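Observations on the model geometry
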Amino acid sequence: MLRDITIGQYYPEKSVIHSLDPRVKLAGALIFIVSVFLFENIIGFLVMTAFLAMCIKLSKVPFKYMVKGLKAILVILILTAVLNLLWSPGETLVQFSFIRITKQGVYNSLYMVIRLSYLVIGTSIMTLTTTPTRLTDGMEKGLHFLNRCKVPVHEIAMMMSIALRFIPILMEETDKIMKAQMARGADFESGNIFQKAKNMIPLLVPLFVAAWRRASDLAMAMEARCYHGGEGRTKMKPLKYQQMDKKAYGVLFFYLLVMIVLKVIL
Amino acid sequence: MGIMKAAKLVHEYIHRDDDGNVDHIETALNGVDLDIEAGDFIAILGHNGSGKSTLAKHLNAILMPTEGTVWVDGKNTKAPENTLDIRKTAGMVFQNPDNQIIAGMVEEDVAFGPENMGVPSQEIWQRVMRSLNLVHMEAYKNHSPNKLSGGQKQRVAIAGVLAMQPKCIVLDEPTAMLDPEGRKEVMDAVLELNKTKQVTVILITHYMEEAIHADKVYVMDGGEIVMEGTAREIFARVQELENHRLSVPQITKLAHELKCSGLPIPDGILDEEELMEAICHLS
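With that out of the way, let us pick up the overall build of chain B. Check the secondary structure of chain B and you find 10 helices and 10 strands. Dimensions of chain B, computed from the C-alpha atoms along their principal axes, are close to 65 × 55 × 40 Å. A buried classification covers 53% of the 283 residues belonging to chain B. When contacts within chain B are restricted to residue pairs at least 6 apart in sequence, long-range pairs at least 24 apart make up 63% of them.

Take a look at the structure:
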C-alpha cells in the first residue's frame, strides 16, 4: 500500500504539460483547487472533468498512474462518503430503523468523493509532470517577494525539495523495517485501533533514527558540495516564461472565468 | 608540498553526557602525517574504526583538526575563508549513495555543486554533460535517481563531484554498500578518471582488491598510519596486514602461503597472471 502513493513522484515524459513553467502549473493547481470547491452542480462538474481530462491527455501520463494515488486515500474517501450519507439533514429517501438516508446526503457524499479525488488527481498532475527541483524553483521564484518580509523563501524551497526527494526512500525503508519486524514476530494487522497504534512503535522508532542519520549524512554531502545557502547561487535551468506559458495562463484564466460565470448564472 | 598535506593531525571526538560534561574523549586520529602528490591514485586502507573516514573528512574541511594542520592545495583548512575554495578543490564522495543525491533528477543533481559555486547557467549545462559522459551515465540524465542501481547512483554522485571540476576527489568507502557488479562499475569509473583526466584520487576503503591499482597505499590502524608504500610493497607484508585486521586478496594470500611452504615465489603478487608466471618460472 505504501508504494501506491504517487504524490511527489515524477513521471518522466516529453509533453506540453511537462515543459510548462512550474509557476504556471502551480497557479493552475491553485485555480483548479478553488474551482473544485466552487462547483455545486452537474454542469460545473462536467466542465471540471473536461478540463482535467484535457490536462491528463496533454500530460501523456497514463491514467492508471494517477488513479493509483487515489488508493492511498481510499479510507478517507469511504469515510467521507459514509459520514455524509448518514448524517446529512433533508428529505428522507430511505430509512431502516435508525439509519436515515436523505437526498441531500446522497448528493453531499457523491460531491465530496468527487471533490477529494479530483483534488488528488489535479495536484498529482502537477507533481507527476514537474520535477521536485523545478517545483520548488517555481515556488522560490513565484514567492520571492516574501523575502522582503524576512520569510526565508530559499530555505523553505530547499527543505521542500529534499522532503519530496526522500518520500520514496523513506517509504521503501518503512517497508523494509516492517518486514524485518514481522519476521521477528511483530504484528501490525490484528487488534483494535489502539493496539494497532501501539504496535507501530517498533516501526516508528527505527524509522526516525534512520531518518535522522540520513539527514545528517545529507547535510554533510550538501556542505561538501559547497552549499552555503541561497546567496550567490546560480541555476542550471533558470525559470523564464515562454510563449507556451502565456497561452497556458490564457487557458487557465478562461477556465476560471467559465467557472465563475457558471457559479453566478446557476 | 603536494596537493594535500597533513602534519601531526590529531582529531578527538568529545562525548558528553546528558548534563554536558565531558564523558570520555575518543582519539580518532593520532598524529597523522600525509603528503599527496597531484595526479596520484592513493588508497587508504584500514578496518572499521581505524580513523580512515575521519581523515577523509579532514581533507574536505568538514572536520577541523583538534591539533595539527591540514593543507589542501596550499590552503589551511582551519581558516573559514578557505573553506569554499577547499571544497572546490577536493570533491568528496560518500558511502551511502542515497544520502548524497539531493535532487530528484540525475542531471539536476549533478548541477547542484556548480549551482552552489555560482557558475553561469550555460556553463553548468556543459559541465553536467561532460561529467555524465565521463562516468558513462549520459543515457540516464532525465531519470529519477530512485530507479537506478547502487553502482549507477554512486556514479551519479561521482559525476556530481566532477561537475565542480575539482583537482582531487576523496572517495570515502564508495563501494561499501554495493554488490560486486556495482563495485566494479564504480572502480572502473574512478580508475579511468585518474588515468585520462589526471584527477588526484584518494580512495578510502577496506577492500584490499581495490588498492592494487594505487600508486601509493597507506594503511591505518588506531588513528595512525602504520604502513606506507607502493601496493606491491604493502601486499608483500601479509602477516603485518593481518595483524592490522585486513585480509589480503586471495591471490596474494595464496602466493604467500606457497612461499611459506618453501616455494621460491616473489613477494607482493597482485593478480592471477603474476602468480601464473611465477609458478611457470619455478621449474
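Residue and element names in this part refer to chain B. Even without glycine at this site, glutamate 173 takes up a positive phi of about 45 degrees. As for its position among the elements, glutamate 173 is in the loop between strand E7 (168–172) and helix H6 (180–197). Residue class for glutamate 173 comes out buried when judged on its relative accessible area of 6%. Look at glutamine 198: it is not a glycine, yet its phi comes out positive at around 55 degrees. Note that glutamine 198 resides in the loop between H6 and strand E8 (200–205).

Let us look at the interface of chain B and chain A. Accessible area lost upon the coming together of the parts serves often as the stated size of an interface. If you look at the interface, chain B gives 40 residues, while chain A gives 30 residues. Contact with chain A buries surface across chain B, with Asn99, Ile102 and Asn116 of chain B losing the most and accounting together for 21% of the total. Remark: the boundary between chain B and chain A carries five salt bridges. Residues glutamate 107 of chain B and lysine 237 of chain A are paired through a salt bridge, measuring 2.9 Å at the closest nitrogen-oxygen approach. Linking chain B to chain A there are 18 residue pairs in polar contact (both at pLDDT 80 or more). Elements with a minimum of two residues in the side of chain B that touches chain A: helix H2 (83–89), helix H3 (106–117) and helix H4 (121–134) of chain B.

Let us look at the side chain of aspartate 21 of chain A. Residues and elements named next belong to chain A. When you line up the elements, aspartate 21 lands in the loop between helix H1 (16–19) and helix H2 (22–38). A distance of 2.8 Å separates a polar side-chain atom of aspartate 21 from the backbone nitrogen of arginine 23. With residues near it in sequence (within four places) discarded, aspartate 21 still touches Arg134, Leu239, Lys240, Tyr241 and Asp245.

A word on the packing of aromatic side chains. All names here are of chain A. Using the criterion set out here, one finds seven aromatic pairs over all chains in the structure. On the basis of an interplanar angle of 20 degrees and a centroid distance of 6.3 Å, the ring pair of tyrosine 107 and tyrosine 111 is categorised as stacked. Of this pair, tyrosine 107 and tyrosine 111 both sit in helix H6 (residues 103–129), separated by four residues, roughly a single helical turn. Among the aromatic side chains, those forming a connected cluster through ring pairs are Phe32, Phe51 and Tyr255. Of note, arginine 23 hangs over the ring of tyrosine 241, and the distance from its end group to the ring centre comes to 4.1 Å.

About the thresholds
- Residues numbered from 1 in each chain as written.
- Chains lettered and ligands numbered in written order.
- Predicted model: local features only at pLDDT ≥ 70, side-chain atom pairs only at ≥ 80, totals over all residues.
- Heavy atoms only, no water.
- Helix = DSSP H or I, 4+ residues; strand = E, 2+ residues; numbered from the N terminus.
- Buried < 20%, exposed > 50% of the residue type's maximum accessible area, 1.4 Å probe, protein only.
- Contact = heavy atoms within 4.5 Å.
- Buried area = accessible area lost by both parts, 1.4 Å probe.
- Salt bridge = Lys/Arg side-chain N within 4 Å of Asp/Glu carboxyl O.
- Polar contact = N/O pair within 3.5 Å; in protein donor to acceptor, adjacent residues only side chain to side chain.
- Phe/Tyr/Trp six-rings, centres within 6.5 Å; stacked < 30°, edge-to-face > 60°.
- Lys NZ or Arg CZ within 6 Å of the ring centre and 35° of its normal.

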